[in-house]
Each structure stands twice: as structure tokens, then as C-alpha cells.
Amino acid sequence: MDRQKQRMTLTAAAMLVPLMAACGSEKADSGSGSVGAERPITGVRWSVDSVTADGRTQQAPAGAHVTIDKGRAEGSFGCNNFSAEATVDGDRVRLGRTMATEMACENKPMAFEKTLARAFSDQELKAKVDDDRLTLTTGRGDTVRLTEAKDAPLAGTKWTVTTPKADGRAHLTFDEKKGTVSGRLGCNKVNAKATVSDGHITLGPPATTRMMCEDSLMAAEKTLLRLFDGKPKYRVDHQTLTLTSENGTSVRAVAER
């Protein structure tokens, strides 16, 4: 394994490990999802902005987030994913049985992860909502600041394809005004008509360049080309776009920051 790109991942069977001993035997439910008279905090994906602990504020890495819904809190510390039982009661959020993956990620602030993990580990937090911002405060005074995450717009976003794998070289951009999609299939450039309606995108026949690349890229291109001259379904979930063609081909892409 290339140690410069080391990423240690546990097996699926041991994916989650306890952060701290589970507290009590209380049952978790989704609660009212409200914070006093303010807007609900459940069912919302909250991006973590920063954590303040022991008088020091640390900025969150991209990807740190949490969603509280149906008696569960799930999200990412930035590198590692976590989940916990969650109860929302008025302006109190109680977390219990917090579990997290154990990975070492390159170029991720692991010190931040430890601080955020401590804030989200088996305890009660006080919640305060101000428009699209949420503040969670622990009993010891640690503060987590979050902002409601918005879905990336389909049109105008550069979507980098992650499935099939194309080494980050495949991408698509939809232009709503022109009614087109353009980009790269991994090796060759592509352009086509694209009309969005009712959760589907009607794609015209693709116009492509005619270069030859390594086999892996050409295989990815063949998969992506199955989307065209058809009407695939699309779904945007935060920063992820999923396209599913009528023949069952599924393509995933992430919004490029």
C-alpha cells in the first residue's frame, strides 16, 4: 500500500466502535424535533462549522455534518462516520450509545475529530436555532456551531463522477438555459441535449470526441454513455447526484467545491 495515500479502513463487521460507555438505559425517540418555539432541528442535514472547547475554536473540515431523525443522530466528524441514539425534548438533545468508525484519513484534522467526538459522545446538549444556524452546547460549555446544508443545484454545478470510477476525470455540467449537458466521460469530451422534468432528465444522443485511453477509462465511458439517448431518473442529495437509466445503469457524482 502506498503510505503517502494511506487510508486504514475497518471491515464492515467492525465498522462502528463505541466512543464512550453507553449511558443509562433510556429509550431514544425522535421527540418533537423542536427547540422551544423555534423551527425543528430534526430531518435537517446540519454542516458543522466549528467546535469551541477549552477556550479554543477549531474550524471544521469539509464534510463534517450531522442529521437527527427518527431517534438517531448520524453524520461525519470529517473523516470518520458516527451514529448515536438521539432524543429531542424542547431545547435539549440527548445522545446515547455513540458509535464511530476508526479510520486514519490523510489531510484531515484528527484533533478536530477528537474534540467533536467528545461533544457528541453520550451526553445532553442544549440547542439554539437562529434562522439556518444551530448551536449545540454541552454541559461543560463546549460549543458546536452548525449551518443547515443546502442541496447543490443540478444546473450550473460541476458534477465529478465517482461511480463508475474514472480517476476523477469524468464530470458533467448541466446548463438549464441552453438545455444541454457537457463535460468529459473520463477520456473523451461529450455534449448532448438535456431537458429536466419531473425527476427525470431527457438526454439526447451524445456528441463525443474520438480519443482512445487506458482500458479503465474506456470502460467507465461505456457505462456513462448508456445514460444518453434516454430518460434517466435523477436525485440530488446534498452534494451527491444519482442518475439511474431506464436500463438500470446507475451513476453517482459529487458536486465539485
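So, how was this worked out
- Residues numbered from 1 in each chain as written.
- Predicted model: local features only at pLDDT ≥ 70, side-chain atom pairs only at ≥ 80, totals over all residues.
- Heavy atoms only, no water.
- Helix = DSSP H or I, 4+ residues; strand = E, 2+ residues; numbered from the N terminus.
- Buried < 20%, exposed > 50% of the residue type's maximum accessible area, 1.4 Å probe, protein only.
- Contact = heavy atoms within 4.5 Å.
- Areas by Shrake-Rupley, 256 points an atom, 1.4 Å probe, with all protein chains shown as cover.
- Disulfide = S-S within 2.5 Å.
- Pairing = 2+ DSSP bridges.
- Salt bridge = Lys/Arg side-chain N within 4 Å of Asp/Glu carboxyl O.
- Phe/Tyr/Trp six-rings, centres within 6.5 Å; stacked < 30°, edge-to-face > 60°.
- Polar contact = N/O pair within 3.5 Å; in protein donor to acceptor, adjacent residues only side chain to side chain.

Enquirer: How should I be thinking about the overall build of the protein chain in this particular structure?
Expert: The helix and strand inventory of the protein chain stands at two helices and 19 strands. Of all 257 residues assigned to the protein chain, the portion counted as buried reaches 41%. Expressed as a percentage of contacts within the protein chain between residues at least 6 apart in sequence, the contacts between residues at least 24 apart total 53%. As presented, the protein chain carries roughly 14,200 Å² of accessible surface, and 48% of it is formed by carbon and sulfur atoms.

Enquirer: Can you walk me through the state of the cysteines in this structure?
Expert: The bond known as a disulfide is covalent and runs between the sulfur atoms of two cysteines. Enumeration according to the criterion identifies two disulfides in this entry. There is a disulfide in this structure between C79 and C105, and the S-S distance comes to 1.8 Å. Between C79 and C105, the S-S torsion sits near 65°, and that sign places the bridge as right-handed. Of the two residues, C79 is situated in the loop between β5 (72-76) and β6 (81-89) and C105 in the loop between β7 (92-100) and α1 (110-119); the sequence distance between them amounts to 26 residues. The exposure class assigned to C79 is buried, which follows from its relative accessible area of 6%. For C187, the disulfide goes to C213, at an S-S distance of 1.9 Å. With the S-S dihedral at roughly 70°, the linkage between C187 and C213 falls on the right-handed side. Here C213 lies in the loop between β16 (207-208) and α2 (215-225) and C187 lies in the loop between β13 (180-185) and β14 (189-197), a separation of 26 residues in the sequence. Taking the relative accessible area as the measure of exposure, C187 reaches 2% and is therefore buried. In the protein chain, the cysteines engaged in disulfides, taken in order along the sequence, are linked 1-2, 3-4.

Enquirer: Would you mind going over unusual backbone geometry with me for this structure?
Expert: Trans peptide bonds make up most of the peptide bonds, and negative phi angles are found at most residues other than glycine. Note the cis peptide between T163 and P164, where omega equals 5°. With phi around 55°, D229 is a residue other than glycine that occupies positive phi space. Inspection of the secondary structure puts D229 in the loop between α2 and β17 (233-237). Of the residues examined, D229 reaches a relative accessible area of 58% and is grouped as exposed.

Enquirer: Sorry, what's going on with the pairing of strand β8 (residues 124-130) here?
Expert: Only one face of β8 is covered, namely the one carrying L125, A127 and V129; the face carrying E124, K126, K128 and D130 has none of its residues buried. Both β8 and strand β9 (residues 133-138) contribute to a ladder of six bridges, which runs antiparallel. Within the sheet, the bridge partner assigned to K128 lies in β9 and is T135.

Enquirer: I keep staring at the pattern of salt bridges and nothing clicks. Help me out?
Expert: Pairs may arise between side chains of opposite charge once their charged atoms sit close together. Counting across every chain of the model gives 13 salt bridges. The partner of D89 in a salt bridge is R94, and the shortest N-O contact between them spans 3.9 Å. Classification of R94 by relative accessible area gives partly exposed; the value is 27%. Across the salt bridge formed by R94 and E124, the nearest N and O atoms sit 2.7 Å from each other. Here R94, found in strand β7, pairs with E124, found in strand β8; they are 30 residues apart in sequence, far enough to count as distant. Via salt bridges that share partners, D89, D91, R92, R94 and E124 belong to a single interconnected network.

Enquirer: What is the right way to read the packing of aromatic side chains from this model?
Expert: Two aromatic rings, taken as a pair, are described by how far apart their centres are and by the angle between their planes. All chains considered together, the criterion is met by two aromatic pairs. Ring centres of F77 and F82 lie 4.5 Å apart, and the angle between their planes is 5°; this geometry places the pair in the stacked category. Both rings, one in F82 and one in F120, keep their centres 5.6 Å apart while their planes meet at 40°; by these two values the pair is tilted. Of this pair, F82 sits in strand β6 while F120 sits in the loop between α1 and β8, placing them 38 residues apart in sequence.

Enquirer: When you look at the environment of R94 in this model, what are you seeing that I'm missing?
Expert: C-alpha separation for the pair R94 and L125, spaced 31 residues apart in sequence, amounts to 6.3 Å. At a separation of 2.7 Å, a polar atom in the side chain of R94 contacts the side chain of E124.

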